[in-house]
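Here are the chains, one letter per residue:
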Amino acid sequence: MTDAVPGTPRWVKVIVAVVIVVVLLAVVAVLTGIGGEHGPGRHTSAGPVAAGPPTPPSQRA
Amino acid sequence: MTLPPAVRKLALTAHVVTSVGWLGAVVAFLALTVTALTASPSPAWRAAYPAMDLLTRHAIVPLAVGSLLTGLLSSLGSSWGLLRHYWVTTKLGLALAATAVLLLQIEPIGHAADAAGSAGPTDLRPATSSMTVHATGGLIVLVTTTVLAVYKPRGLTRYGRRRQREAAGRSQ
């Protein structure tokens, strides 16, 4: 079993910092459009694919 | 609440199986996204997208949910608890975040599978790149949770320290 260590361990701070950076990058990517258009529309922008609704999951194999 | 040892072992075994299975399924998904990114439109390219869709809905999602549920049972049913040790709490947070992102990806993956199966021309490269980035992120998270589970790094949360003090007070 782990010992009692006062305060937040360094490895927790590192993981939290990495998560914050990743979330900020994701927000920036979405806001600036670097990450491309999000949502189903990004897959239906070309050709006749846009004409029909997607197949419901229950009807897929 | 501490589970009987036999039930605890069973829950832990189920947790290891579903967690490692989740990681393996994400690796398989990544292999498909790389195939889809590198191959030009061909039978293999067309087959990759429905395979990603099936793998996501029938393997990755059930394994992720199973991993979360068995993890909750294992932690709450043992002396580790859910919020006493940083490694358990961190693992829970990462698994919840990975599952949330996974659930948001189901629909785009399904749309890509539909688009790849249609007769008309379509550019799925941006969508496939996005899937690759998300799957790579998921893989990093799952490797991190596996490392945490194996090494169990030290560190009690504030709640864990309080529970430890209370237990020490009772035993005196």
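On a predicted model such as this, the values are computed, not experimentally measured, just so you know. Every chain is numbered on its own, with residues counted from 1 as its sequence reads. Written order determines the labels here, with chains lettered from A and ligands numbered from 1. Owing to the predicted nature of the model, reporting of local features is limited to residues with pLDDT of at least 70; listing and counting of side-chain atom pairs is limited to 80 or more, with chain, interface and lining totals taken over all residues.

A. Helix H5 (residues 158-171) of chain B, seen in detail. In a regular helix each residue adds 1.5 Å, so 14 residues correspond to 20 Å; H5 of chain B covers 20 Å between its end C-alpha atoms and thus fits that length. Buried residues are those with 20 or more other C-beta atoms within 10 Å of their own C-beta, exposed residues have 12 or fewer, and partly exposed residues lie in between; C-beta atoms are placed from the backbone. Working definition: helices are DSSP H or I runs of at least four residues, strands are E runs of at least two. Numbering for both runs from the N terminus. Taking burial as the measure, the 14 residues of H5 of chain B include one buried ones, a minor fraction of the element. Helix span is expected to be 1.5 Å times the residue number reduced by one.

B. Focus on unusual backbone geometry. Residues and elements named next belong to chain B. One non-glycine residue, Lys152, lies in positive phi territory at about 45 degrees. Relative to the helices and strands, Lys152 resides in the loop between helix H4 (125-151) and H5. Taking the C-beta count within 10 Å as the criterion, Lys152 has 16 such neighbours and is therefore assigned partly exposed.

C. Examining the confidence of the model for chain A more closely. Confidence scores labelled pLDDT are given residue by residue by the predictor and lie between 0 and 100. The predicted model of chain A averages 69 in pLDDT, with 48% of residues at 70 or higher. Below a pLDDT of 50 lies the segment residues 43-54 of chain A, which in the model reaches 27 contacts outside its immediate sequence neighbourhood of four places, other chains included. Contacts here follow a simple rule: the backbone-placed C-beta atoms of the two residues must lie within 7 Å.

D. Summary view of the nonpolar core. Residue and element names in this part refer to chain B. Of all hydrophobic cores here, the largest spans 26 residues; its most connected members are Trp22, Val26, Phe29, Tyr49, Met52, Ile60 and Ala112. If you tally residues by element for this core, the top one is helix H3 (residues 86-117), at eight residues. Among all residues touching Tyr49, those that are not within four sequence positions of it are Ala36, Ala112, Ala113 and Ala116. Each nonpolar core comprises buried Ala, Val, Leu, Ile, Met, Phe, Trp, Tyr and Cys residues, the members being joined through C-beta atoms within 7 Å.

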